[in-house]
Amino acid sequence: MNKRILVVGDVMTDVIVLPEGPVVKGSDRRARIRQRPGGSGANQAVWLGVLGADVTFAGRVGIADIERWDAYFTARGVRPALTADAEQPSGMLVTIVDADGERSFLTDRGANLNLSRADLPDALLDGMAVLAVSGYSLFAPRPRAAVTDLMARAGARDITIAVDPASVGFIEEVGASTFLGWAAGAGLILANADEARALTGLAGTAAQMRALGAHFATVVIKCGAQGAVLGDAGGIRLELPAPNVAVVDSTGAGDAFAAGFLKAFCEGAGEAAALQAGIAAGARAVGSIGGQPA
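Enquirer: Whenever I open this one, the overall build of the protein confuses me. Can you help?
Expert: When helices and strands are tallied, the protein shows nine helices and 13 strands. Rg of the C-alpha trace for the protein: 18 Å, near the compact-globule value of 19 Å for 294 residues, within the 12% margin. Referenced to the eigenvectors of the C-alpha coordinate spread, the extents of the protein come out at roughly 50 × 45 × 35 Å. A fraction of 69% describes how many contacts in the protein between residues 6 or more apart in sequence connect residues 24 or more apart. Split by element, the accessible area of the protein, about 12,400 Å² in all, is 52% carbon and sulfur. Both charge centroids of the protein, one from 25 positive and one from 30 negative side chains, sit 3 Å from each other.

Here it is as structure tokens:
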């Protein structure tokens, strides 16, 4: 069975801020500040590489960083297909983590905004079983045009297309129907509970599952500490709990979940095994700072 996965999405450098208490407007607050590689698509690719998947990552970075990022991905088991941007620097993200591990983001997507059709040639799809698309790539015109074109080409080859919505704020900004239109053609959606609510306008995973199942053949809703559910337009057919683990930083937990799920999926695991693999990877991710494996 073909096990190769192509991930398309953002490359970011995450600046992670863990204040000792609430931020004091106009004054100081002690904090731990760390810099880590990030970006939802890059996170998924690196988790896939560390988990042993056969993964290629396509994205765009500033020209000054191309060699560093190539080496970084290669060292983590990811085959990089990066384009150097001479106009924009690599993307940056500031993450502020509160006391219970939840995050707020300040984003400068930089070179990611220039992702183009030329960056995603047909050869990238050769031998792929799954195309995994980070929703961030759909929220700006130029990368959206490039990625939706790639999705159409992948669909013509019967490659499974998986979409992670990635951002509640951006979904609410553009509207759920618009996002679902962009994601048309994907057979699998991996949404967290907030994204599922934003995309459906409904409360409760059972109602959200049925609504999302009208657009996607398989729906996975990630419910954080409550685990995850899987189903389709007929409703939930599988629900698994998450282990009780200490949360250090929830950044990238959903990306790790997606990686665990997709690797098991490509290996022909059943739905229960794939969902469990996603939950296990997500639980591992929250135990350390940053969106990628320590």
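Enquirer: Please explain the packing of aromatic side chains as it appears in this structure.
Expert: One pass over the structure, following the stated rule, counts nine aromatic pairs. Both rings, one in Tyr-72 and one in Phe-73, keep their centres 5.8 Å apart while their planes meet at 75 degrees; by these two values the pair is edge-to-face. Across the pair, exposure class does not vary: Tyr-72 and Phe-73 are buried alike. With a centroid separation of 6.5 Å and 10 degrees between ring planes, the pair formed by Phe-257 and Phe-261 is classed as stacked. In this pair, Phe-257 and Phe-261 are both assigned in helix 8 (residues 253-266), four residues apart and thus about one turn of the helix distant. Ring pairs connect the aromatic residues Tyr-136, Phe-139, Phe-170, Phe-179 and Trp-182, which therefore count as one cluster.

Enquirer: Explain helix 3 (residues 141-156) here, please?
Expert: Because each turn of an α-helix spans 3.6 residues, side chains separated by three or four positions in sequence point in the same direction. Between its first and last C-alpha atoms helix 3 spans 23 Å; for 16 residues at 1.5 Å apiece the expected length is 22 Å, and the two agree. The complete set of buried residues in helix 3 reads Pro-143, Arg-144, Ala-146, Val-147, Leu-150, Met-151, Arg-153 and Ala-154. Here the buried face of helix 3 lies against strand 1 (4-8), strand 8 (130-134), strand 9 (160-164) and helix 5 (176-182).

Enquirer: Quick question: what am I supposed to make of helix 1 (residues 40-50) here?
Expert: Buried residues dominate helix 1, accounting for 10 of its 11 residues. Considered for burial, the residues of helix 1 that qualify are Ser-40, Gly-41, Ala-42, Asn-43, Gln-44, Ala-45, Val-46, Trp-47, Leu-48 and Gly-49.

Criteria and thresholds
Residues numbered from 1 in each chain as written. Predicted model: local features only at pLDDT ≥ 70, side-chain atom pairs only at ≥ 80, totals over all residues. Heavy atoms only, no water. Helix = DSSP H or I, 4+ residues; strand = E, 2+ residues; numbered from the N terminus. Rg over C-alpha atoms; globule rule 2.2 N^0.38 Å. Contact = heavy atoms within 4.5 Å. Areas by Shrake-Rupley, 256 points an atom, 1.4 Å probe, with all protein chains shown as cover. Lys, Arg positive; Asp, Glu negative; His and termini not counted. Charge placed at Lys NZ, Arg CZ, Asp CG, Glu CD. Phe/Tyr/Trp six-rings, centres within 6.5 Å; stacked < 30°, edge-to-face > 60°. Buried < 20%, exposed > 50% of the residue type's maximum accessible area, 1.4 Å probe, protein only. Expected span 1.5 Å × (residues − 1).

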